[in-house]
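Chain by chain, the residues:
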Amino acid sequence: MRPITPLHAHPISRRVLLAGAAAVVVAACSDDSTTGSATTVGNTAAPATDPTTIPAAVTTTSAAASATALAPVELAGNPFTLGVASGDPDADGVVLWTRLAPDPLAVGGGMPTDDVPVLWEVSATDDFAEIASGGTELATAGRGHSVHAIAGLEQGEWFYRFRVGQYTSPVGSTRPAPAADTPVAQARFAAASCQNYSDGYYAAHRDIAEQRPDFTVWLGDYIYEGGGLPFDADVVGREHLGDEPTTLDDYRIRYGQYKSDPLLQASHAACPWFVIWDDHEVENNYAEGTPQDAADAAGFQDRRFAAYQAWWEHQPVRLEPPTAADQEYRIYRDAQWGDLIELALLDGRQYRSDQACGDATLNLDPPCPEAAEPARTMLGVQQEQWLLDTLSASTAAWNLIGNQVILADSTFNGAVLNYDQWDGYPVARARLLQAFDDNDIQNLVVVTGDIHLAAVAQLRAGERGTGTPVGVEFVTTSISSDGLIGDELTDVLKSFPDLVDAELAHRGYSLHTVTPQRWTAEYRIVTDVDDVDSDVTSYGTYTVEAGSNTVAKAP
Ligand code: FE
Ligand code: CA
C-alpha cells in the first residue's frame, strides 16, 4: 500500500507580521522551473530559519519571482465563486482551501490554462488589520486551479482569506486542533452527510454555520452523480447540470454546481472540516474497482481516478492528490482533538468486497450464502488492522470513528435490507466488534451517514440485543437527500433490538458536545428541506456517560 503522504507544513508564529505580503501580482507562469513550485502542493513560502522573524525577502520571494518572470493573467471575473474552506486541523495548523473558477459551470472553470499564484493571509481579526501569517500557492490547471495551503497556526480562532490581483475571497474562520496531550474540557462538532443538490436546500448547513462548532466531520455523499433530470419537482432550479459525470471535467462541474451554494460555503467557512467520501463521489454503490452496473466495468478505473482527483481538488484535505488510475489512493487517516477525542476516519469504499446477493435492497428473503463468506471485507485487511492499532494506542477520553454505512445490526427477521451496509458483511462486522471488546477499546462512538435517516444504535460484540456493549453509533440523516425508506417504517426500525431511536421524516445533521465525562448528541432536523429559509430545530438529544458504552435518550 502506498503510504499516506502528508503535505509539508511551515509553522509561522502569529507574532510575525508579513511585510510586503500584499505585493503579489496575478501572473502567468511561462516556465514552471522559474518558481519551483509548480509541481508541489505544499506551502511555497520558504520556511523561516528563525521562528520569531521572517525576513521580508522570504515572504515576498514567490511574488517577486512571479513579478519578474511571469506575465500578467487576465481573469474573466472574480475567481472566488466557490468560497473558502479549511480542514484536517492538527496541533500545528490547518489546510486552507479555495479554487479559482470565475465560471465554475464551464469546462476549466472559466480560467486560462496558465498557472496563477494565489496569496493566502491569516489574521486574528476578521478585518485583517494585522496579517499574522501568509504565503503563496501556485494554482495550476492540472489541479483545477485549486489551492491547498498549509497554514501553521498557534492555538485559537483564526480568520483567513485568499487574494489574486484585485480580487479578495470571502473570509473563513478556523482553528488548529488542541495538541494530543492537552487537556480539553469540551468540544463541539457537527457530523453530516448526503447533500443531493437537486433534492432540496441547505438550511441544515446554515444551522451548522450558526452553531459555530469547533469542527465538522463530513461522512460522504458530498455530490451525487445522477444526471440532469429534476429529481424533486418541489425544488426549482436545482437540477443537476449535464449527464452523469464520468470525466474529470464532468466531476469538476458537478462540484462547481454544489459548491456554488451560499449556505454550503457558509458551513465550510465556519470551521475546519474532516472530510471522507462514500459512494456518490464516484458512483452509487461502487465497491473497490467494481461499478454498480457490471456493464460499465470498461473504463471504470479511469472514471474512479477522475472522481478521486476532483474530490481532492474540492476538499480541504491534508493529502496529496491521487497519482494514477491503477494505484490505491489512501484517504483513511486519524486525528486528535486534545486529550478528548481520537478520530479515525474510514474509507468504506475503496477496499470493500462487492455487495453480495446482487446488491439487493428491501429483500425479505434469507441472505444468500455469499454474504457470509469469511473472506468478504468492508475495510480491507490493512485498514482494519490500522483501525484497531490506532484505537488500541489511543489515550484520548473518547474514540470516535467516522464511518460510511450503518454498522449496527439492522437486519429484519434475518433478512438483510441493504447489502451495501455492514449487514451485508456480517463476518467482517462480527470480527471488528469482537476486536473492540478484546482490545478493551473504551468510550467508542461511531458517526455514520449514507442512509438518509437519523438513528441511534447500541453496538454489541456477540449476540444482537444481548451481547456486550462495545460502543454507540449515531447515524446522522441527510443534509438534503431524499429519504430512502418511508416514514411508515419508523416503528419497524425502532423495534430492532439495537436501535434506540429512529427518525425518518426529516433531513438534518447531528451536533455533538463532548466532555471527558459525557457525550451528548443532538439531532437537528430541517422543518422543510424544500424551503431555503426553513427552521432547523432539535429532534432529540442522547447521552453516553463515560465508561458506560451505552446510550440513553435525554428527557
Ligand atoms: Fe447518500
Ligand atoms: Ca451512500
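Everything below is about the structure printed above this text.
From a predicted model like this one, the values you see are computed outputs, not experimental measurements. Throughout, a residue's number is its position along its own chain's written sequence, starting from 1. Key to labels: chains lettered from A, ligands numbered from 1, both in the order written. The model is predicted, so local features are restricted to residues of pLDDT at least 70 and side-chain atom pairs to those at 80 or more, both for listing and for counting; the totals for chains, interfaces and linings are taken over all residues. Water and hydrogen atoms were dropped before computing side-chain values, which therefore reflect all heavy atoms in the structure.

1. Section: the coordination of the iron ion (ligand 1)
Move 1: Because no water is among the atoms considered, metal sites can look incomplete, with donors defined as N, O and S atoms within 2.8 Å of the metal, or 3.2 Å for Na, K and Ca. Each protein donor to the iron ion (ligand 1) is listed here as Cys194 (SG), Asp221 (OD), Tyr224 (OH) and His452 (NE2); together their distances run 2.1 to 2.5 Å.
Move 2: One can describe the donor arrangement at the iron ion (ligand 1) as irregular, given that its four donor atoms subtend angles of 86 to 172° at the metal.
Move 3: In the primary sequence, the donor residues of the iron ion (ligand 1) line up as C-x26-D-x2-Y-x227-H.
Move 4: In this structure, the iron ion (ligand 1) lies 3.9 Å away from the calcium ion (ligand 2), the two metals sharing Asp221 as a donor. Of this pair, Cys194 sits in the loop between strand E9 (187-192) and helix H3 (203-211) while Tyr224 sits in the loop between strand E10 (215-218) and helix H4 (248-259); the two residues are 30 residues apart in sequence, bridging distant segments of the chain. A site with four donors is called tetrahedral when every donor-metal-donor angle falls between 85 and 135 degrees; four donors are called square planar, and six octahedral, when opposite donors sit more than 155 degrees apart and all other angles fall between 65 and 115; any other arrangement is irregular. Comment: elements are numbered from the N terminus, with helices defined as DSSP H or I runs of at least four residues and strands as E runs of at least two.

2. A word on the state of the cysteines
Move 1: The disulfide criterion used throughout: a pair of cysteine sulfur atoms within 2.5 Å. Tallied over the entire structure, the rule returns one disulfide.
Move 2: Note that Cys357 is cross-linked by a disulfide to Cys368, the S-S spacing being 1.9 Å. In this structure, the disulfide formed by Cys357 and Cys368 twists by about -90° around the S-S bond and is classed as left-handed. Taken together, the residues Cys357 in the loop between strand E13 (341-345) and helix H7 (381-393) and Cys368 in the loop between E13 and H7 connect sequence positions 11 residues apart.
Move 3: Cys357 sits in the buried class, given a relative accessible area of 18%. Three labels apply to residues, based on accessible area from a 1.4 Å probe with only protein chains included: buried if under 20% of the type maximum, exposed if over 50%, partly exposed otherwise in between.

3. Observations concerning the coordination of the calcium ion (ligand 2)
Move 1: Distances from the calcium ion (ligand 2) to its protein donors, namely Asp221 (OD), Asp278 (OD), Asp279 (OD) and Asp450 (OD), fall within the range 2.3 to 2.6 Å.
Move 2: Written as a sequence motif, the donor residues of the calcium ion (ligand 2) are D-x56-D-D-x170-D.
Move 3: Judged by relative accessible area, which is 1%, Asp278 ranks as buried.
Move 4: On the accessibility criterion, Asp450 (9% relative accessible area) is buried.

4. Considerations on the packing of aromatic side chains
Move 1: Here the aromatic set is Phe, Tyr and Trp, taking the six-membered ring for Trp, and pairing holds for ring centres within 6.5 Å; pairs whose planes are under 30 degrees apart are stacked, those over 60 apart are edge-to-face, and all others are tilted. Scanning the model with the defined rule gives 23 aromatic pairs in all.
Move 2: Seen from their ring centres, Trp398 and Trp519 are 5.3 Å apart, and the 70° between their planes marks the pair as edge-to-face. With Trp398 in strand E14 (residues 398-403) and Trp519 in strand E20 (residues 518-526), this residue pair connects regions lying 121 residues apart in the sequence.
Move 3: Take Trp398: its relative accessible area is 0%, and that puts it in the buried class.
Move 4: Overall, the relative accessible area of 0% leaves Trp519 in the buried class.
Move 5: These aromatic residues form a ring-pair network of at least three members: Phe189, Phe215, Phe274, Trp337, Trp398 and Trp519.
Move 6: Working rule: Lys NZ or Arg CZ, within 6 Å of ring centre, within 35 degrees of ring normal, means a charge sits over the ring. The side chain of Arg464 reaches across the aromatic face of Phe496, ending 5.4 Å from its centre.

5. Digging into unusual backbone geometry
Excluding glycine, residues mostly carry a negative phi; peptide bonds, for their part, are mostly trans.
Move 1: Even without being glycine, Cys357 reaches a positive phi, approximately 55°.
Move 2: In this structure, His452 takes a positive phi of about 65° despite not being glycine.
Move 3: By relative accessible area, His452 is classed as buried at 6%.

6. A word on the sheet that holds E13
Move 1: We treat two strands as partners when DSSP finds at least two bridges between them. Here we have seven strands laid out as an open sheet, ordered E12-E13-E14-E15-E17-E16-E18, and mixed in their pairing. Looking at the sheet topology across the chains shown, the edges are occupied by strand E12 (333-337) and strand E18 (499-503). The sheet shows a mean angle of 20° between the axes of neighbouring strands, taken without regard to direction.
Move 2: Of the pairings in the sheet, the one linking E14 to strand E15 (residues 444-448) comprises five bridges and is parallel in character. Bridge pairing in E15 places Asn403 opposite Thr448.
Move 3: The contact criterion used is simple: two residues touch if any of their non-hydrogen atoms lie within 4.5 Å. Axis geometry follows a simple rule: fit a line to the C-alpha atoms, using only the stretch in contact for helices, then measure angles between N-to-C directions, giving values from 0 to 180 degrees. With respect to the sheet, H7 is in contact with E12, E13, E14 and E15, its orientation differing from that of E13 by roughly 175°.
Move 4: In the packing of helix H8 (residues 426-438) onto the sheet, contacts are made with E14, E15, strand E16 (454-461) and strand E17 (468-475), and the angle to E16 comes to roughly 65°.

7. Re H7
Move 1: Multiplying one less than the number of residues by 1.5 Å gives the expected span of a helix. The terminal C-alpha atoms of H7, which comprises 13 residues, lie 18 Å apart, in line with the 18 Å expected from a rise of 1.5 Å per residue.
Move 2: Three or more residues of H7 are buried, namely Gln383, Glu384, Trp386, Leu387, Leu388, Thr390 and Leu391.
Move 3: Looking at the packing, one finds that the buried side of H7 touches E12, E13, E14, H8 and E15.

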